[in-house]
Amino acid sequence: MSEKYMKIALAQAKRALGRVSPNPLVGAVVVKRGEIVGVGYHHRAGSPHAEINALSKAGRKARNADLYVTLEPCCHYGRTPPCVETIVDRGIKKVVIGMTDPNPLVAGKGLAKLKAAGIVTTSGVLEDECRKLNEVYVHYITRRIPFVILKVASSLDGKIATRTGDSRGITAQQSLQKVHALRNQVDAILVGSGTVQADDPLLTTRLGGKRGRDPVRVIVDSTLSISPRARVFNPNSRSGVIVATTQRASKRKKEQIEKAGGTIITVASKDGRVSLRSLMRILGKREITSVLIEGGTNISTSAFNEGIVDKIIFFYAPKILGGSLAYGITAGKGADRISRARKVHDLTVKKCGDDVLVEGYLNKPDPKRESSKNSLGKRYH
C-alpha cells in the first residue's frame, strides 16, 4: 500500500521537471483511512514545498492522517520555513518517505525531529525511483558541480556527420522531440565553437504547441572564434549565453561578444583549450545544476578525457555512413587496451521511432560522498 501512494507522490513531483533548480523534485500525498485527502508538489525554488501544498489541500483532514513524501522533509530555515514544524502542527500521525535528503542541513535530522515529536516514520519506500528522479540534485548537493549528460546522435557505425560535415536529419523526428524535451529539463546546454560555426544553432527548446523553457546556452571557445552575429545570441530568449574562453582570447573579441549579449568567463586552459573540469566548477558556483552537452567530436572527446560525463544518451539511427573521414563520436588516441575502456553501467536500450536510444551512467555514485558534509545546504529550500 505504501508503494501505491509513493507512486502517486512521484507522479506529482515529476510535474515540476525542469522548474525547481537548484532545489529537488518533491511530491507529497496525504492519506486518511485509505482516502487521499491532499496531494501537492514543489513548483519552484522559493515557493512552498510539496508537503505544505499537500497539507493545505487536506485542510482539517490532515489531523491523524499519513503523509507520503518522496524526499525527507526539511528541518531548517532557508527560502521557506521548515516543513517538519508544519507537519507536527497539523497533527500528522505517520510520515513515509522515499529517500533521506543528502543535504547536510537535513540528512536524517528531519526524520529525527518527526520521531521526537511522536510521529511514526518509515523510509526507503521506492527509494531507487526517488533517487533516480533526483539524480541531478543528489549529484549537485554532494559534489558542488553540475550533473553532466552527453547527448549524441549517430549512425550505427558511430558517425555523427559525413566527411563533408553534414549531420542534419541523421536521426528521426521522434528523437529530436525527445532532445527538446530534455533541453526543457536541464539548466544549461553546452556546445563547442565548432558546432556554432558549422551549424549556427539556436540551442533553444522547441516543443511544438507546448510551452518550453530555454536552458542557459554555454559555448566553449578557447580563442573566441565564433561570430557575434551567431544565432545563439538570440534576443528573443531570456536564458542568456555564457561563452567560456581562455587568456588567449583578445580584448576586442570579448567586447564584441559581450555587445552581442554573451557573458564572458575566462577559464583555466588544458592543452591550450578550455578546461571543462574548471568550467564545471564555475558553473556550479552559478547554481547551474545540470548540463546537457550537444557538441561535436572535439567537445565529446574532451568531456570523456576529462571525466566530466555522468550520463550518456545516445541516439543511433539505422544508417551506415562509413568512411574513415566521417566524423566519429570521439577522436584522439583513445584507450590502448580494452581493460582501460570506460565502463557504462545501468544501461537501458529502447526504440525511439526508427532509432535506438541507449542510456547509461559513467561516474557511478559514491554513497560515502553523499553522506559527507559540505557547505552547500544553506542556500537551498
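Structure report, in brief. (Residues numbered from 1 in each chain as written. Predicted model: local features only at pLDDT ≥ 70, side-chain atom pairs only at ≥ 80, totals over all residues. Heavy atoms only, no water.)

Here we come to helix α2 (residues 50-58). Those residues of α2 that sit buried are A50, E51, N53, A54, L55 and A58. Tucked into the core, α2 has its buried residues touching β1 (27-32), β2 (35-41), β3 (66-71) and α3 (83-89). (Buried < 20%, exposed > 50% of the residue type's maximum accessible area, 1.4 Å probe, protein only. Helix = DSSP H or I, 4+ residues; strand = E, 2+ residues; numbered from the N terminus. Contact = heavy atoms within 4.5 Å.)

Two side chains with opposite charge may pair up if their charged atoms get near one another. Applying the stated criterion across every chain, the model contains 7 salt bridges. Here K151 ties to E294 by a salt bridge, and the two come within 3.4 Å at their closest N and O atoms. Residue K151 is located in strand β6 (residues 147-155), and its partner E294 is located in the loop between β14 (290-293) and α11 (297-305); the two are separated by 143 residues in the primary sequence. A salt bridge links E359 to K311; the nearest nitrogen and oxygen atoms lie 3.7 Å apart. Linking E359 in strand β18 (residues 355-361) with K311 in strand β15 (residues 311-317), this pair joins segments that are 48 residues apart in sequence. K311 carries the same exposure label as E359, and that label is buried. A single network of salt bridges, built from pairs that share partners, joins E135, K311 and E359. (Salt bridge = Lys/Arg side-chain N within 4 Å of Asp/Glu carboxyl O.)

Let us now look at the side chain of E359. Judged by relative accessible area, which is 13%, E359 ranks as buried. If sequence neighbours within four positions are ignored, E359 has contacts with K178, K311, I312, I313, D346, L347, T348 and K350.

In terms of nonpolar packing, the biggest core is built from 44 residues, with M6, V30, L67, I87, I92, V95 and L114 touching the most fellow members. For this core, the leading source of residues is helix α1 (residues 2-13), giving 5 residues. Not counting the four nearest positions on each side in its chain, M6 is found in contact with V69, T70, V96, I97, G98, V125, L126 and C130. Ranked by size, the runner-up nonpolar core spans 33 residues in total, among them V220, L283, F304 and I308. (Core = buried A, V, L, I, M, F, W, Y, C linked by side-chain atoms within 4.5 Å.)

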